[in-house]
Amino acid sequence: MNVPSLLLAGGRWRCFPLPLGYSLFQSLHNSCCRKESTAPKKIIPHVDFSDETAKESGKTLEKLFSSEQKASILHVLNTASNKELEAFKLLRGKKSLNIVEHREKFGPFQTLESLMNVPLFQYQITVQVCNSILNPETEGKKKKLQESRLLRKLIKPEIGRERVKAVNSIVSIVSGTRRIAWAHLDRKLAVLDWQQTEYCQLMKGSYLSSVYLEEISSIISKMPKADFYVLEKTGPSFQNPSLFPVLLHFHMTEAMLYALLNTAFAQDGHHQVLSMNRNAVGKHFELMIGDTRTSGKEVVKQLLSESVLRDEPRVFFPPAKIVRYRQMFSSTEHNRVEELYDSLLQAIAFYELAVHNTES
């Protein structure tokens, strides 16, 4: 097996297309599932709103809300424009248009029951719509929900939004097959520490856990303390057996980092080590071409220049360290060190996407 031939410069791997075969699996699945299940079928009650059942449902609907609540709901239904109705999540699309058209054709709604005469408004939907009108989502609530959804896509494992917002400093860690790099940034995007170290021996032996423990422990001893340690989350496909040694290396390194950096997890159950989506960082800095992420070298070079030339740079490199950081970067220009670039970009993206919620 010639693993190096499968790696990019700097010891980074690249993903290969998955082999075809889904159609075969699907055929097998379909053939296995043709036998009718003996489990009892779940019966869903059907309400026909054209008979007496509809009238009874309408009466029930009227009893669910007080006079004041019904007046508030009817006021919205009779006065809101199509655009205003679409502000309610359950009324987006055709439903809001149907309400306006029904109102124009038959006049204002006199009762909540009459809403069930509008197409797409069955009893349960009507109840949900009335409740959503009485308890609309506020802008603050919408923003919190959006942020929570973003966090779930961006970082794993899931942690409380409040913990992320309160972060003061992070160490962003990116490992490759030959080196590991980290960037220590505070919430003002000041670079407190930024460096890399080699660990070439890890993939030359038999992947002994004891060797990984010794090597990773030594590296961690050089890292500064922080509220969170953010790892790059990515990995080669299981479908390519020739990449198994690389996959094994990444998983062992990640496991060691999780175990050694989550020092208080056994006591408080709080995760201090997180994994961040690599492609999300690439999209944030416009480094993606299709599903492939390109080098962040030029972005980092620009950030270093802006730190000197601009009064308010995107990232602040302390004057006492900027010369050393620029020299370190210059030494990598002929031999790209993607781990070094990516550790800095990942830290910036974490703050801008997860903490401050700004776009580049």
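Here, residues in each chain are numbered from 1, in the same order as that chain's written sequence. Two thresholds apply to this predicted model, a pLDDT of at least 70 for residue-level local features and 80 or more for giving and counting side-chain atom pairs, whereas whole-chain, interface and lining totals are computed over all residues. Side-chain measures were taken over the full set of non-hydrogen atoms in the model, leaving aside hydrogen atoms and water.

Note the cut-off: UniProt positions are given in the numbering used here, feature names are shortened, and annotations may be inferred rather than shown by experiment.
With an unreviewed UniProt entry as reference, the protein chain is termed Transcription elongation factor, mitochondrial, source organism Rangifer tarandus platyrhynchus. One UniProt comment on the protein chain, placed under Function (unreviewed entry), says "Transcription elongation factor which increases mitochondrial RNA polymerase processivity. Regulates transcription of the mitochondrial genome, including genes important for the oxidative phosphorylation machinery." Quoted verbatim from the Subcellular location (unreviewed entry) field of the UniProt record, the comment on the protein chain reads "Mitochondrion matrix, Mitochondrion nucleoid".

### Overview of the environment of Leu353
Let me state the cut-off plainly: Numbering of helices and strands runs from the N terminus, with a helix taken as a DSSP run of H or I at least four residues long and a strand as a DSSP run of E at least two residues long.
One can find Leu353 in helix H15 (residues 338-355). Put simply, Leu353 and Leu151 are 202 residues apart on the chain and 8.5 Å apart in space, counted from C-alpha to C-alpha.

### Things to note about the packing of aromatic side chains
Stated precisely, the cut-off is as follows: Classification of ring pairs uses Phe, Tyr and Trp, with its six-membered ring standing for Trp, and accepts pairs whose centres are within 6.5 Å; under 30 degrees between planes counts as stacked, over 60 as edge-to-face, and the remaining range as tilted. Each residue is placed in one exposure class: buried if its accessible area under a 1.4 Å probe, protein chains only, is under 20% of its type's maximum, exposed if it is over 50%, and partly exposed if it falls in between.
Applying the stated criterion across every chain, the model contains five aromatic pairs. With a centroid separation of 6.2 Å and an interplanar angle of 45°, the aromatic rings of Trp194 and Phe317 are classed as tilted. Here Phe317 lies in the loop between helix H13 (297-309) and helix H14 (319-330) and Trp194 lies in strand E4 (residues 191-198), a separation of 123 residues in the sequence. Pair check on accessibility: Trp194 and Phe317 agree, each one buried. Considering the side-chain rings of Phe350 and Tyr351, the 6.1 Å spacing of their centres and the 85° angle between planes classify their relative orientation as edge-to-face. You can call Tyr351 buried: its relative accessible area is 0%. Taken together, the aromatic side chains of Trp194, Phe317 and Tyr325 make up a single cluster linked through ring pairs.

### Re the pairing of strand E3 (residues 179-186)
Definition in use: Being paired, for any two strands, means DSSP has found at least two bridges between them.
With respect to burial, E3 is a largely interior element, eight of its eight residues being buried. Side-chain alternation along E3 places Arg179, Ala181, Ala183 and Leu185 on one buried face and Ile180, Trp182, His184 and Asp186 on a second face that is also buried. As paired elements, strand E2 (residues 169-175) and E3 share seven bridges and run antiparallel to each other. Note that in E3 the partner of Ser172 across the bridge is Ala183. Hairpin connection of E2 to E3: three residues between the antiparallel strands. Of the strand pairs in this sheet, E3 and E4 are connected by seven bridges, and their pairing is antiparallel. Paired with Arg179 across the strands is Glu198, a residue of E4.

### Things to note about helix H3 (residues 67-79)
So the rule is basically this: Expected helix span is computed as 1.5 Å times (number of residues minus one). By definition, the arc is the one covered by directions from the helix axis to the C-beta atoms.
Between its first and last C-alpha atoms H3 spans 18 Å; for 13 residues at 1.5 Å apiece the expected length is 18 Å, and the two agree. Regarding H3, the residues found buried are Ile73, Leu74, Val76 and Leu77. Each buried residue of H3 sits inside an arc of 160° when the element is viewed along its axis, so together they form one side. Structural note: H3 exposes Ser67, Glu68 and His75 on the side pointing more than 90 degrees away from its buried face.

### Describing the side chain of Asp342
As a reminder of what qualifies: Here a polar contact means two N or O atoms within 3.5 Å. Within protein one must be a hydrogen donor candidate and the other an acceptor candidate, and residues neighboring in sequence count only if both atoms are side-chain atoms.
Assignment of secondary structure puts Asp342 in helix H15. Here Arg293 takes part through its side chain, which lies 3.1 Å from a polar atom of the side chain of Asp342.

### Quick notes on helix H9 (residues 209-220)
For H9, spanning 12 residues, the distance from its first C-alpha to its last is 16 Å, which sits close to the expected 16 Å at 1.5 Å a residue. Looking only at H9, the buried set comprises Tyr212, Ile216, Ile219 and Ile220. Down the axis of H9, the buried set is contained in an arc of 95°. They therefore lie on one face.

### Some thoughts on the pairing of strand E5 (residues 228-233)
Extensive coverage of E5 is indicated by the burial of five of its six residues. Relative to E5, E2 runs parallel, the two sharing four bridges. Across the sheet, residue Val171 finds its bridge partner in E5, namely Tyr229. With five bridges joining them, E5 and strand E6 (residues 273-277) adopt parallel strand pairing. Following the sheet pairing, Lys233 is matched in E6 by Asn277.

### Points about unusual backbone geometry
Residues Lys156 and Pro157 are joined by a peptide bond in cis, for which omega reads -10°. As for its placement among the helices and strands, Pro157 is situated in the loop between strand E1 (155-156) and helix H8 (161-165). Here Leu120, not a glycine, exhibits a phi torsion of approximately 80°, which is positive. Here Leu120 lies in the loop between helix H5 (94-106) and helix H6 (123-134). Classification of Leu120 as partly exposed rests on a relative accessible area of 48%.

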